[in-house]
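Residue-level listing of the chains:
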Amino acid sequence: MAEVELTDLTILKALELLENRKITSYELVEFFLEQIKKYDPLVKAFLYVDEEGVREGAKKADELRKKGHKGKLLGIPLSIKDNICIKGLPTTCASKILQNFIAPYDATVIEKLKKEGALFLGKTNLDEFAMGSSTENSGYFPTRNPWDLERVPGGSSGGSAVATACRMGLGSLGSDTGGSIRQPAAFCGVVGLKPTYGMVSRFGLVAFASSLDQIGPIGLNVEDTALLLQIIAGHDEKDSTSFPLEPLDFLNFIKNNLNSRYKIGLPREYFEAEIDPEITKALESLIDLLKKNHEIKTISLPHTEYAVATYYIIAPAEASSNLARYDGVKYGFRYKEAKSLMEMYKKTRAYGFGKEVKRRIMLGTYALSAGYYDAFYLKASKVRTLIMQDFLEAFKEVDLILTPVTPTPPFKLGEKIFDPLQMYLSDIFTIPVNLAGLPGISLPIGLTSNNLPIGAQIIGPHFKDELVLSMAYQIEKELNLKMIPSLLRS
Ligand code: GLN
């Protein structure tokens, strides 16, 4: 690939090279497989690499291109979080309970990507069933941050963010229930978008908390992220919560709105929270920069302080019900030495689930149990409505909201894993967005003095994902950062 540096390669750049016959898809794939061989033993982003399948796919893509086929992602190798089904490949959710489970069908997002010719290098690591913020809860192994191998990549889509940052593929899909796309994107210096709830079909995404889960793209820049969203978005009759809306041409929108002026809200409660001073500083310089072209206004989201508590009732409650299906009968792992049916159920779940998943199931079952429902789940649902109303009020005054993604830069492996509350609190700025069902993007805005990525979050009104992308695109152009993890430079 003489024409271009690997670290300059993006989906759009690769498409241009493929179109001009400067490279083949097969070469691209070989190249990314090499990259995986070189870096994955250090960062452990992949649970499964489909070498054979992706090579086959690349050969076909090259033939199709010769015949004039015009898929929007023809021959582009991506990675996919291992809680999204790709037919014929393992889908473990990083849980022992789904060890050896092979997906019998494609998720709708995968069907859509396949239709446009995308290829899949493999399945990426996550916190078991997407429960966590560091990828340390994986039932197999933790993933490491390529900016500092002693630190976590964030989670739960840690594998997807690391695979993208390390150029082990040109982008990825993750899932975000309380921050799982945006937080790892911020920790790894890439772009991650949680679409509006209902924008992307959840069919084929293994359910964690169904009223919060959304699949979204992780990309090397905003353009790639916009293109991926364009392809996966849209109504799907297999998911009754997907919204009957024709997705926009997001890529065109952001290009046509490079000079649009927006009214940007800064929520007082987010900036008054305890934040690492280097993150505050990076946001302040960004705000100064934005003042040139945009109107900046302080706003209030008064129920912010209740968001984490609300989430940790609603998400575990839904999880306890969703995870009831793993009983050793239908799929995955079964404890075979049991002497009775009850013992089989109990031991399958005891051995199959990890600590954090069990904690969530117990929290959720408790919150839903007779006599407690009103005090916990019903109350949390009411507070959720208040949190959503805060945002709806704010969007009467501003077009978009700018916040930090995380209160701290990437923390060390082992630092929070034994203190679940501290771990839960690392999602304080991302969780409200899921509770309200809004679109939110995380994009890199700089580095700490320790050379660790810092992200900013932009939140938009329901189904205004294009505005969120547009603002992010303007910031990206203005800052013009080159985010290459230290590991790739050593
Ligand atoms: N860290 C949050 C949790 O553990 C969010 C996870 C997610 O978005 N999947 O629930």
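Residues numbered from 1 in each chain as written. Predicted model: local features only at pLDDT ≥ 70, side-chain atom pairs only at ≥ 80, totals over all residues. Heavy atoms only, no water.

**Student:** Is there a simple way to think about the state of the cysteines in this case?
**Tutor:** Linking two cysteines covalently through their sulfur atoms gives a disulfide. The full count for this structure, using the stated rule, is zero disulfides. For Cys93, which is in no disulfide, the shortest distance to another cysteine sulfur is to Cys85 and amounts to 7.6 Å. With a relative accessible area of 1%, Cys93 lands in the buried category. Cys188 takes part in no disulfide bond, and the closest cysteine sulfur, belonging to Cys166, lies 7.8 Å away. (Disulfide = S-S within 2.5 Å. Buried < 20%, exposed > 50% of the residue type's maximum accessible area, 1.4 Å probe, protein only.)

**Student:** When you look at the site of the ligand in this model, what are you seeing that I'm missing?
**Tutor:** Near the ligand, the surroundings consist of 15 residues, among which Thr177, Gly178, Ser180, Tyr311 and Asp427 are the closest. At 3.2 Å from an oxygen atom of the ligand is found a main-chain nitrogen or oxygen belonging to Gly179. Within the side chain of Asp427, a nitrogen or oxygen atom sits 2.5 Å from a nitrogen atom of the ligand. A majority-of-atoms criterion places the ligand in the largest cavity. The class makeup of the residues in the shell around the ligand is five nonpolar, seven polar and three charged. (Near = heavy atom within 4 Å. Polar contact = N/O pair within 3.5 Å; in protein donor to acceptor, adjacent residues only side chain to side chain. 1 Å grid on protein atoms, 1.4 Å probe; cavity = no way out; pocket = protein on both sides within 12 Å on 5 of 7 lines; lining within 4 Å. Sits in = over half its atoms within 2 Å of the grid points. Nonpolar A, V, L, I, M, F, W, Y, C, P; charged D, E, K, R; others polar.)

**Student:** Just checking my understanding: could you explain the layout of surface pockets for this structure?
**Tutor:** The volume enclosed by the largest pocket comes to roughly 530 Å³. Leu220, Asn221, Glu476, Leu481 and Lys482 are, among the 21 residues lining the largest pocket, the residues nearest its centre. Elements with a contribution of two residues or more to the lining of the largest pocket: β10 (440-447) and α17 (465-479). Element by element, the count of residues in the lining of the largest pocket is highest for α17, at three residues. (Points joined across faces, edges and corners; volume = space filled by probe spheres on them. Helix = DSSP H or I, 4+ residues; strand = E, 2+ residues; numbered from the N terminus.)

**Student:** For this particular structure, what's the right way to read empty space enclosed by the protein?
**Tutor:** Here the idea is plain: a probe the size of a water molecule rolls over the atoms and shows the empty space left. A complete count under the given rule lists three cavities of 30 Å³ or more for this structure. Roughly 70 Å³ of internal volume is contained in the largest cavity. Among the residues making up the lining of the largest cavity, the classes are represented as four nonpolar, seven polar and two charged.

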